[in-house]
Amino acid sequence: MKLMVRSNEWISNRQWDMSPVPQALILELLNHAVWAPNHRNREPWRFIYISRNNTGGLDFIQAQAPGYLIITMNNENDANKQNENLAAVFCLIQNFRLLAWEQKLGANVCFYEWMYDRRNCQQLGVMDKERIVAVLEVGFCNESSAVVPTSSAAVLNWRSL
Amino acid sequence: MQLEQLIRERRSIRKYNNLPVSQDLIIKLLQQAERLCSYDGEARWRYVYVGTPEARERLADYMVEKLQDNKIVKLVLSKVTDALHKRVLEVPASLIVIAKTDSNPIIHDQTYGAVCRIMQNLQLLGWEERIGMVWITDPMIQNERFYKRIGLQEGERFVGIVQMGYFDKAPKGRSRTPAERNWTEFVWNER
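Keep in mind that what you see is a predicted model, and the values were worked out from it rather than measured. (Residues numbered from 1 in each chain as written. Chains lettered and ligands numbered in written order. Predicted model: local features only at pLDDT ≥ 70, side-chain atom pairs only at ≥ 80, totals over all residues. Heavy atoms only, no water.)

**Points about the overall build of chain A**
Check the secondary structure of chain A and you find 3 helices and 6 strands. Listing every helix and strand of chain A by position from the N terminus yields β-α-β-β-α-β-α-β-β. When the 161 residues of chain A are sorted by exposure, 60% land in the buried category. Put simply, of all contacts in chain A between residues at least 6 apart along the chain, 74% involve residues at least 24 apart. Carbon and sulfur atoms provide 48% of the accessible area of chain A, an area that totals close to 7000 Å². (Helix = DSSP H or I, 4+ residues; strand = E, 2+ residues; numbered from the N terminus. Buried < 20%, exposed > 50% of the residue type's maximum accessible area, 1.4 Å probe, protein only. Contact = heavy atoms within 4.5 Å. Areas by Shrake-Rupley, 256 points an atom, 1.4 Å probe, with all protein chains shown as cover.)

**Structural notes on the UniProt feature "domain: Nitroreductase" (unreviewed entry) in chain B**
The UniProt feature table records "domain: Nitroreductase" (unreviewed entry) at residues 7–166 of chain B. Annotated as residues 7–166 of chain B, this span is 51% helix and 19% strand, and its ends, taken at the C-alpha atoms, are 18 Å apart. (UniProt positions renumbered as here; feature names shortened; annotations may be inferred.)

**Digging into the UniProt feature "domain: Nitroreductase" (unreviewed entry) in chain A**
UniProt records the feature "domain: Nitroreductase" (unreviewed entry) for residues 12–52 and 58–139 of chain A in the present numbering. For residues 58–139 of chain A, the helix share is 38%, the strand share is 29%, and the end-to-end C-alpha distance is 19 Å.

**Side note on the interface of chain A and chain B**
A common way to report how large an interface is uses the accessible area buried once the components associate. Across the boundary between the two partners, chain A contributes 70 residues, which contact 73 residues of chain B. Summing both sides of the interface, chain A and chain B together bury roughly 6300 Å²; the carbon and sulfur share of this comes to 57%. Of all residues in chain A, the largest losses of buried area upon contact with chain B belong to W35(A), W158(A) and L161(A), amounting jointly to 15% of the total for that side. At the surface where chain A touches chain B, the tally comes to 2 salt bridges. For K2(A), the salt bridge identified is with E129(B), shortest N-O distance 3.1 Å. Inspection of the chain A/chain B interface yields 43 residue pairs in polar contact (both at pLDDT 80 or more). When contributions to the side of chain A that touches chain B are tallied by element, the ones reaching two or more residues are α1 (23–33), β2 (45–51), α2 (79–102), α3 (118–124) and β6 (158–160) of chain A. With 15 residues, the single largest contributor to the side of chain A that touches chain B is α2(A). Looking at side-chain class alone, the side of chain A that touches chain B contains 37 nonpolar, 21 polar and 12 charged residues. Looking at chain direction, β6(A) and strand β1 (residues 45–50) of chain B are connected through 3 bridges and run parallel. Looking across to β1(B), one finds that S160(A) is bridged to Y49(B). (Buried area = accessible area lost by both parts, 1.4 Å probe. Salt bridge = Lys/Arg side-chain N within 4 Å of Asp/Glu carboxyl O. Polar contact = N/O pair within 3.5 Å; in protein donor to acceptor, adjacent residues only side chain to side chain. Nonpolar A, V, L, I, M, F, W, Y, C, P; charged D, E, K, R; others polar. Pairing = 2+ DSSP bridges.)

**A word on the packing of aromatic side chains**
Residues and elements named next belong to chain A. Tallying each qualifying case throughout the model produces 9 aromatic pairs over all chains. Of the aromatic side chains, those joined through ring pairs into one cluster are F60, Y112 and W114. For the cation-ring pair, R6 lies above W101, with the distance from its terminal atom to the ring centre recorded as 4.1 Å. (Phe/Tyr/Trp six-rings, centres within 6.5 Å; stacked < 30°, edge-to-face > 60°. Lys NZ or Arg CZ within 6 Å of the ring centre and 35° of its normal.)

**Quick notes on the packing of α2(A) against helix α6 (residues 105–128) of chain B**
When two helices pack together, their arrangement is captured by the angle between the axes and the distance separating the axes. Across the interface, α2(A) lies against α6(B) with an axial gap of 8 Å and an inter-helix angle of 65°. By crossing handedness, the relation of α2(A) to α6(B) is classed as right-handed. The segment α2(A) lies against α6(B), with N83(A), L86(A), A87(A), F90(A), C91(A), I93(A), Q94(A), N95(A), R97(A) and L98(A) engaging D109(B), Y112(B), G113(B), C116(B), R117(B), Q120(B), N121(B) and L124(B). Its residues placed into classes, the contact of α2(A) with α6(B) shows 9 nonpolar, 6 polar and 3 charged. (Axes fitted to C-alpha atoms, helices over the stretch in contact; angles between N-to-C directions. Left-handed = near helix turned anticlockwise from the far one by under 90°.)

Below you can see the structure in the form of structure tokens.
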């Protein structure tokens, strides 16, 4: 089905089917998602996966989703490069979400205060020259729990130069 | 086209043919791009569209303005800036993307993230229609003068310009590192 005629009902899932997500599936989807545009092919991303039953010692994670896919990025000293890297990682994240959704796999993009705390990052093995960009909470969706968006066509904030 | 094929085959396109791009089509693609993003709250970004010959001329002027400020560049590199101006002028349509900033890092990053994800949707949706795009953030245009020209306000940031047009040839893709090589599974060991 063309992307143009797809609805986004799967994308906003908030209720998980608690079955574990096979890592092989996540990796398969990531290997498509890495075809995101990224400046000079720097591929600034790295992935840390935590399944729900491995969150034990991480008290800052509320283990509500079957899996947590943490996407980190290499930091750049140059502000422009830093933004380019961030943009590339978000493109990868969007690819992953679209792909996951075809497998009835929800992937919510989450931001938490603990992502910005170096101690928590160290616990997760995030290196000094890296940062966490976002946490994808992943899990399969019950068909009945998929949220159908109520908003119709978006009103764009648009003007001409 | 399968989604994974679309994602893997999309390329950044910098050279376009002369077919005109319809503004209505770009609006439709952008609306769908926003729907497929599913963000929380209201949109904290806006777009400035450059499609008419007059607007294209203005944008080309703005983009090289800062370069021409520099006397040496003006003398020695006038050919380069002229060529650059011409290249920008040849882009059938451009979308300037602007997002709000925030003092709260979570809202700041969330906003930037949402608008970046919308731009990726737009590039994929464009590819389905055979419209090629490239998202540019050249240091050349990252200056106060340019920001003022495009109407950037206090509390806003310039996200980039998405250039777009139909094309005859797509470049080859550069291979990607397998995700397995950048993958770590976190395992909790109770000690």
